[in-house]
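Residue-level structural notes
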Amino acid sequence: MKYLLSLYLLVSCLACSQASETSKPNIIILFIDDYGWSDVGYRNSHFQTPNLNQLKAEGMEFTRAYVPTPTCSPSRASLLTGKEAIRLEMPRHIPNENPDGSNTSKYSYWETDPSQTPSINWLPLEEVTYAESLRDGGYSNYLIGKWHLGHEPFHPIHQGFLEQYGTSNFGHPKSYYPPYFKNSSVLVDAPEDSYLTDILTDKAVDFLENYDQEKPFQLSFWYYNVHGPHEGPKELLQKYLDQGLPKAEANYAAMVEAMDASVGRIRQAVEQNGLADNTVILLISDQGGLFSNAPLSGGKRGGDTLGEGGARVPFIAWYPQMIKAGAVYDEPIQTIDVYPTLMELAGIKGKPASQYNGISLLPAMKGGVLPERNLFFYRAYEDQYAAIIRGPWKLKKYRSGKMELYNIEEDISEQTDLMESNREMATSLGEALSAWEADAVPFNQ
């Protein structure tokens, strides 16, 4: 009898362990490149995004989501590690040093950067990514698409991902039609006239249709879209040219529609393959858009990338098991919050909180609120280089000594500088930003 009871308890424990493992949600992260906050159909009817509109309607939109260093490589490093990119010595994107996109020197410099701050050319392998933590917690991790965090020795398969597909050393393709990349063997067997976003989506759909492991999965689909060269699908471009758009903007609008169609295909694969009840989808952009970001000021280029048009990005979370359809969260968050959010969603301890800067978004996803905190920003390209957000307030700082203060809730376009009329808030934010710089910036300025 004791033997049977012991056997029963052992089997029960194993069953509980397996149930716990399978109850961990699958995770899909859709990371769009250079996609402006204003460029979604539910804000701007100029863009055709029915699938993003539906994702928002069925999920939660974080309307004030920001990237700590809004540019390609640092935004990815922050997403992966939960760290402000400047703490990783990465205040700029990784340039292509060699014809194949690889780098031999550890740091690069930017000719017009007034501080001549060095920026690291790869994400160090000792940094712990969400893929590594999820892997250690029982997940299988896959990456499709853009990486831009270092050449081959630093590729995704060395940072916690089991497989990678369509990953090059480049920050963008030379064309969205074959051959996609210069001096590269990546996707060289793609059919003639196949659009890059479609090829990558085919792989993602195939993955979702054929995944047969007992382990939960994490799929990072990091789009090259809608980064330049602005080249929309040929079958969509004419529609936007007929609307009277300049060619570059017509191509961009066609690229947005192609990206949205990709999201729709992924959603359909999730639904049709019985994954919807236990899958989380996060859709985020890595920085603001190149074209008009109205009503936001600034953008990817032009000297005001820490303006709302450059640093604020679309962020939608979909998880019907937890999130009430149509939910909206209007307080500031940052992409450094993704790492701790994934750990809590998966029930994984992850790395110590001292090794990341974000907080879990689960309280907000469950309908609650997050604690008010300071959010910090840092880049090294031009005069404007740092910023801080606290609630509705935002202070921007320039190397020339200028500072600007805005109330974003009342002035989303950042048109009225309140430095003189709100000296107490300006002083408080300025002191907090200076203290953060002293702690976070690894280089002597």
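Named according to an unreviewed UniProt entry, the protein is Sulfatase originating from Echinicola pacifica. Its UniProt record gives the protein a comment under Cofactor (unreviewed entry), which states: "Ca(2+)".

We now examine the overall build of the protein. The helix and strand tally for the protein stands at 11 helices and 17 strands. In terms of C-alpha radius of gyration, the protein reaches 22 Å, essentially the compact-globule figure of 22 Å for 445 residues. Judged by the C-alpha coordinates and their principal axes, the protein covers about 80 × 55 × 45 Å. Burial analysis of the protein (445 residues in total) assigns 59% to the buried set. Of all intrachain contacts in the protein linking residues separated by at least 6 positions in sequence, the fraction that spans at least 24 positions is 67%. When the accessible surface of the protein is split by element, carbon and sulfur atoms take 51% of a total near 17,900 Å².

Another aspect to go through is the packing of aromatic side chains. As enumerated under the stated definition, the model contains 26 aromatic pairs in all. Here the aromatic rings of Y66 and F377 are separated by 5.7 Å at their centres, their planes lie at 80 degrees, and the arrangement is edge-to-face. Residue Y66 is found in strand β3 (residues 65–66), and its partner F377 is found in strand β14 (residues 374–378); the two are separated by 311 residues along the sequence. Like Y66, the residue F377 is buried in the burial classification.

The UniProt record marks residues 25–348 with the feature "domain: Sulfatase N-terminal" (unreviewed entry), using the residue numbering of this structure. From the first C-alpha to the last, residues 25–348 spans 12 Å; its make-up is 27% helix and 15% strand.

With respect to topology, four strands assemble into an open sheet ordered β14-β15-β16-β17, the strand pairing being antiparallel. Strands at the two margins of the open sheet, each flanked by one partner only, are β14 and β17 (403–407). The sheet shows a mean angle of 15 degrees between the axes of neighbouring strands, taken without regard to direction. Summarising the sheet, strand β15 (residues 384–390) and strand β16 (residues 393–398) pair through six bridges and their orientation is antiparallel. Within β16, the position partnered with I389 by the bridge is K394. Against the sheet, helix α11 (residues 423–440) contacts β14, β15, β16 and β17, and its axis sits at roughly 120 degrees relative to β15.

What follows deals with the sheet that holds β3. Read across the open sheet, the three strands follow the order β10-β3-β13; overall the sheet is mixed. In this open sheet, the two edge strands, each paired with only one partner strand, are β10 (312–313) and β13 (333–334). Direction of pairing for β3 relative to β10: antiparallel, over a ladder of two bridges. Looking at the pairing, Y66 lines up with R312 of β10.

So, how was this worked out
Residues numbered from 1 in each chain as written. Predicted model: local features only at pLDDT ≥ 70, side-chain atom pairs only at ≥ 80, totals over all residues. Heavy atoms only, no water. UniProt positions renumbered as here; feature names shortened; annotations may be inferred. Helix = DSSP H or I, 4+ residues; strand = E, 2+ residues; numbered from the N terminus. Rg over C-alpha atoms; globule rule 2.2 N^0.38 Å. Buried < 20%, exposed > 50% of the residue type's maximum accessible area, 1.4 Å probe, protein only. Contact = heavy atoms within 4.5 Å. Areas by Shrake-Rupley, 256 points an atom, 1.4 Å probe, with all protein chains shown as cover. Phe/Tyr/Trp six-rings, centres within 6.5 Å; stacked < 30°, edge-to-face > 60°. Pairing = 2+ DSSP bridges. Axes fitted to C-alpha atoms, helices over the stretch in contact; angles between N-to-C directions.

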